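# Residue-level structural notes
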Amino acid sequence: MKQFVIPELGENIQSATIVKVLIKPGDIVQQDQSVLELETDKATIEVPSDVSGKVVEVKVNEGDQVEIGQLVFTVDADGAAATAPEEKKEAQPAPVVEAAAPAETPVPATSEAPAPAPVIEEQVAAPAPVVNTPVAGPKVIAVENQPPILQNAAPAAPSVRRLAREIGVDVNQVKGTGPGGRILLDDVKLHSKLMHQQRNEAQHIRAEQHQQPLPDFSKYGDVETIAMSNIRQKTAEHLSHAWHTIPHVTQFDKADITQLEEFRKSYAKTAEKFGVKLTVTAILVKIISSAMKTFPQFNASVDMQNKTIVYKKYFNIGIAVDTEFGLIVPVIKNADRMNIIEISKEINALAEKARNKKVGVADLQGGCFTITNLGGIGGTSFTPIVNSPEVAILGVSKGSIEPVYINGKFEPRLMLPLSLSYDHRIIDGADGIRFLRWVIEALENPMKLIIEG
Amino acid sequence: MSKNIVVIGGGPGGYAAAFYASDLGMNVTLVDMEKNPGGVCLYRGCIPSKALLHVAKLINESKEAKSWGIDFGEPKIDLDKLRSYKDKVVRKLTGGLGLLSKQRNINYVQGRASFVSSNAIEVKKEDGSTEQISFDKAIIATGSVIATIPSLQIESKRLLNSTSALNLPAIPKSLLVVGGGYIGLELGSVYAALGSQVSVVEFMDRLLPGADQDLVSHLQKRLSKAFDKIMLQSKVVEIKEEGEELVVKIENKDKQIEEHRYDYVLMSIGRKPQTAGLGLENTKVKVNERGWIVADKSLKTDDDSIYAIGDIVGEPMLAHKASHEARVAVDAISGKKAAFEPLAIPAVVFTDPEIAWAGITENQATERGIKFETAKFPWAASGRATTLDRSDGVTKIIVDPDTERVLGIGISGPGAGELIAEATLAIEMGATIKDLALTIHPHPTLSETVMEAAELFYGHSSHLYKPNKN
């Protein structure tokens, strides 16, 4: 047990008044941490502790007159080691001024729930005065002299705020580029410009969707008009947006999966024991999550408004699923931490959910990359549309036996056509094919996964 | 086509609105019960109290001068002359406002206005005649009235309120100030300097509730010498007049009833809005349960043609808030997108030492769970404060530790009211504490304490050694 007493405070100072006691029983005190605010004839002083440990008892109160050498509190010195030092009491979480992270759900969803729009709590200047009116006795009107606006208000000068208001910009939405996030006049102007651009783009998209009026088809024969399902609407809007905003490039190549297919067949029984079917899609999920570690620009999103690229440190792979209700993209979360059996199980579970219309919004959110496998139906290649705000998508077509020239002669090999579409804003062509080659090599030589993945 | 504007109430909100509207080319009528604009602030508030506090400061400093080797002797106080000095200040300023009003061709009408509809008022003049005035837009700026406790409101010339206290009826031998807010403490300080034995009774556990305790403590220490008694957590339960005295029963913090006798009692428990008699029932204006008129960010009420500014729309009831709102309301009327959304409204208590703050207080930050750090510079380390023999001050900056943005500043010490202007600008500009540390402040002045507090945040003020926190 150690004691903390009022230390020497300076020449001719015998006593002081306690303004604030900064510790309470149970707190962990570190040496040199401020524990008291004292006021002497000369000044207000913050007094640092010369002991460390867990506070057992505090012997003084705010307002007390104390003398040099007087006992203030006792600490249990062993208590310090047991518990990590606590943060100062001020270290409470600050209210967040910025909006929630950009909504991530533009994936078509079965649920009605739209993506949560970023909400900024508006701090209104309307006074919320504090008046203490005890029922009996003197009325005391507390001097609550500050409006409650400060809490969430953006750091911008009055002139900047005025301009923002006049040109219809919510200053709290503007990203400040000044020190401490201060919003400058130019930030407001840039924000306004971007708002207009986005509005124009949105109008453009709408214009495209509405296009020209449709002709009267009934002139030519019977027609039936059916309202779009919710999924169809969302798919249409989402894909139009992706198509319009992302400059797409699609890269084609083929993987020789002869060996892989042999292995898949020979392993089928083992897989069955685990209750799954080993599919190319499951293997691709594993390969893609490894490839994204080597090529982080494929696990990113573009923020043109703030001129930033967001790199994700998690590896969630979406798989386009064709259901009778329409296209949905459930997401395999943290695919990099699963083996292929686990991935297969997860795919089965999600596919089952999807077909039973039981997929929740959470199952469709948070994707980093999408795989769309149409090979089961056919096709030699296609150009998938990137599932914005992701930046790449891998399309898989139907594998077929092709003659491949190997060691001086043609050999029949099972070739799998792959189509990689990517966002050319942040992925260069050379990286596009490097990524696809990496995937193909991993398919052709699974050792690569073990060595590099 | 210019708009017809009626402004009701000629205080710092009303005359600012009237003058600005006129400057923007509107036809303005300003209605007030006094001969000239000015309102409570100029006639019965800020201005006369500051004139008297200036005198109080002079008296106190002349006493302190003894310890510097200068003895002026006991002051002789000519109360009539002092009163007429104060009245002269008021006349000069209100007369000036009257002139400014005339120069702008504002139709100044003396009388009491009430709405007859959403587009007209009726003014009842002193001679009993009435006049109807129609308007496109009206601004209500009728301010607040002195709050009272009916059970303690006895008929006696010895029971003062802030208005009658400013008229200096006498220098009481003993004076009880009911309410430890800024009005009571300022007026109490005046009477204490003039020679009264002043006591204060306050319901809360501290003087100036709302201000941070570390700012108030310097004042409290000084007042505990200047005043006879400061009774906290206490309340007056009865006041009776007996002969030449008022007998006051006070319930102290131990719930015991004490009886004290005073020459005079000053009730200063605050101010409240009053909308009765304004004829709001003839409009769509709404009043909330606390009596304040409800207005939006542009100060427009629920009636599209009526705006309201100043005390009548709520706390803080401060002249400078009202004048700022006046500009917002007039801007809005003129078609601009205007909103009242200050980041800081400075508050100043003109006691000795003065206490001033702007932005967020430490109390508020703690209550609201806002993450903050403080940097405090004690004036004992200020050269300028030492030359004034006034080391009893502190400058405190409240900072967001993540962005280092200045969230609030509190100052206690002589001249704090002037120093807070820099703080207010810093907060409004979204300044970081580094900006304050890197701005050259003139030496030797008290304003340096702002810079040095900012330097302390980084652990290296020249004039205060603080071992590194880590």
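Just so we're clear, the structure is a prediction, and the values are computed from it rather than from any experiment.

Glancing now at the overall build of chain A. Counting its secondary structure elements, chain A contains ten helices and 19 strands. Expressed as a percentage of the 453 residues in chain A, the buried residues total 31%. Once local pairs closer than 6 in sequence are excluded, the contacts in chain A between residues at least 24 apart make up 62%.

Looking now at the overall build of chain B. Secondary structure assignment for chain B yields 13 helices and 23 strands. The buried share of chain B, taken over its 470 residues, is 52%. Taking as baseline every contact in chain B between residues at least 6 positions apart, the subset at least 24 positions apart corresponds to 63%.

On to unusual backbone geometry. Residues and elements named next belong to chain B. Cis geometry marks the peptide bond from Asp 352 to Pro 353, where omega comes out at 0 degrees. Structurally, Pro 353 is set in the loop between β19 (347–349) and β20 (355–359). A cis amide bond, omega -10 degrees, links His 443 with the succeeding residue Pro 444. Looking at the element boundaries, Pro 444 is found in the loop between α12 (433–437) and α13 (448–457). Even without being glycine, Gln 233 reaches a positive phi, approximately 50 degrees.

Locating Gly 181 of chain A in the fold gives a position in the loop between α2 (158–166) and α3 (185–210). The sequence separation of Gly 181 of chain A and Pro 155 of chain A amounts to 26 residues, and the corresponding C-alpha distance is 7.0 Å.

All names here are of chain A. The N-to-C vectors of helix α6 (residues 280–294) and helix α9 (residues 429–444) enclose an angle of 135 degrees; their axes lie 10 Å apart at closest approach. In terms of orientation, α6 lies oblique with respect to α9. Of the two elements, α6 crosses α9, and the hand of that crossing is right-handed. On the side of α6, the interface is formed by Ile 287, Ile 288, Ala 291 and Thr 294, while α9 contributes Phe 435, Trp 438, Val 439, Ala 442 and Leu 443. Looking at the contact of α6 with α9 residue by residue, the class counts come to eight nonpolar, one polar and no charged.

Residues and elements named next belong to chain B. The antiparallel open sheet is built from three strands, whose spatial order is β13-β14-β15. Strands with a single pairing partner mark the edges of an open sheet, and in this sheet they are β13 (235–242) and β15 (257–262). The mean angle between the axes of side-by-side strands here comes to 20 degrees, regardless of whether they run parallel or antiparallel. Alignment of strand β14 (residues 245–251) against β15, held across six bridges, turns out to be antiparallel. Paired with Leu 246 across the two strands is Tyr 262, which belongs to β15.

So, about the nonpolar core. Across soluble globular proteins, nonpolar side chains have a tendency to be buried as a group. With 155 residues, the main nonpolar core has Ala 17, Val 265, Ile 309 and Ala 329 of chain B as its most contacted residues. If you tally residues by element for this core, the top one is helix α6 (residues 182–194) of chain B, at nine residues. In this structure Ala 329 of chain B touches Ala 17, Ile 139, Leu 299, Tyr 307 and Ile 309 of chain B, once residues within four positions along its chain are discounted. If you look at the next biggest cluster of nonpolar residues, it comprises 54 residues, including Ile 317, Val 359, Ile 371 and Leu 416 of chain A.

Below, the discussion takes up the sheet that holds β20 of chain B. Residues and elements named next belong to chain B. Within the open sheet, the five strands sit side by side as β19-β20-β23-β22-β21. Their pairing is antiparallel. Whereas interior strands pair on both sides, the edge strands pair on one side only; in this sheet they are β19 and β21 (373–378). Sheet twist, expressed as the average angle between the axes of neighbouring strands with direction ignored, equals 10 degrees.

All names here are of chain B. Given a rise of 1.5 Å per residue, 19 residues ought to cover 27 Å, and the 26 Å separating the end C-alpha atoms of helix α3 (residues 46–64) matches this to within 8%. The complete set of buried residues in α3 reads Cys 46, Ile 47, Pro 48, Ser 49, Leu 52 and Ala 56. Where α3 is buried, its residues touch α2 (39–44), α4 (79–103), α5 (162–166), α6 and α8 (319–333).

Our focus in this paragraph is the confidence of the model for chain B. Low-confidence regions, as indicated by low pLDDT, have predicted coordinates that should not be scrutinised in detail. Per-residue confidence for chain B averages 95 on the pLDDT scale, and 99% of its residues sit at or above 70. In the predicted assembly, ipTM is 0.72 and pTM is 0.62.

Residue and element names in this part refer to chain B. Assignment of secondary structure puts Leu 246 in strand β14. Overall, the presence of 23 C-beta atoms within 10 Å leaves Leu 246 in the buried class. For the pair Leu 246 and Arg 158, spaced 88 residues apart in the sequence, the C-alpha separation amounts to 7.2 Å. Once residues lying within four places of it in the same chain are set aside, the contact partners of Leu 246 are Ser 156, Arg 158, Leu 159, Ile 239, Glu 241, Tyr 262, Tyr 264 and Val 265.

This next bit is on the pairing of strand β2 (residues 27–32) of chain B. Remark: a regular strand shows side chains that alternate across the two faces of the sheet. Residue and element names in this part refer to chain B. Here β2 lies mainly inside the structure; five of its six residues are buried. Two strands pair when backbone bridges link them, and strand β1 (residues 4–8) and β2 are joined in this way by five bridges, in the parallel orientation. Bridge pairing in β2 links Asn 4 to Asn 27. As paired strands, β2 and strand β3 (residues 107–110) are joined by four bridges and run parallel to one another. Bridged to Leu 30 within β3 is Tyr 108.

Time to look at the pairing of strand β16 (residues 369–373) of chain A. All names here are of chain A. Counting buried residues in β16 gives five out of five residues, a clear majority hidden from the surface. Alternating residues of β16 divide into Phe 369, Ile 371 and Asn 373 and Thr 370 and Thr 372, and every residue in both groups is buried. In this structure, β16 lies alongside strand β17 (residues 392–396), joined through four bridges in parallel fashion. If you follow Ile 371 over to β17, its bridge partner there is Leu 394.

Rules used throughout
- Residues numbered from 1 in each chain as written.
- Chains lettered and ligands numbered in written order.
- Predicted model: local features only at pLDDT ≥ 70, side-chain atom pairs only at ≥ 80, totals over all residues.
- Helix = DSSP H or I, 4+ residues; strand = E, 2+ residues; numbered from the N terminus.
- Buried ≥ 20, exposed ≤ 12 C-beta atoms within 10 Å, placed from the backbone.
- Contact = placed C-beta atoms within 7 Å.
- Axes fitted to C-alpha atoms, helices over the stretch in contact; angles between N-to-C directions.
- Parallel < 35°, antiparallel > 145°, perpendicular 65-115°, else oblique.
- Left-handed = near helix turned anticlockwise from the far one by under 90°.
- Nonpolar A, V, L, I, M, F, W, Y, C, P; charged D, E, K, R; others polar.
- Pairing = 2+ DSSP bridges.
- Core = buried A, V, L, I, M, F, W, Y, C linked by C-beta atoms within 7 Å.
- Expected span 1.5 Å × (residues − 1).
- pLDDT = per-residue confidence, 0-100.

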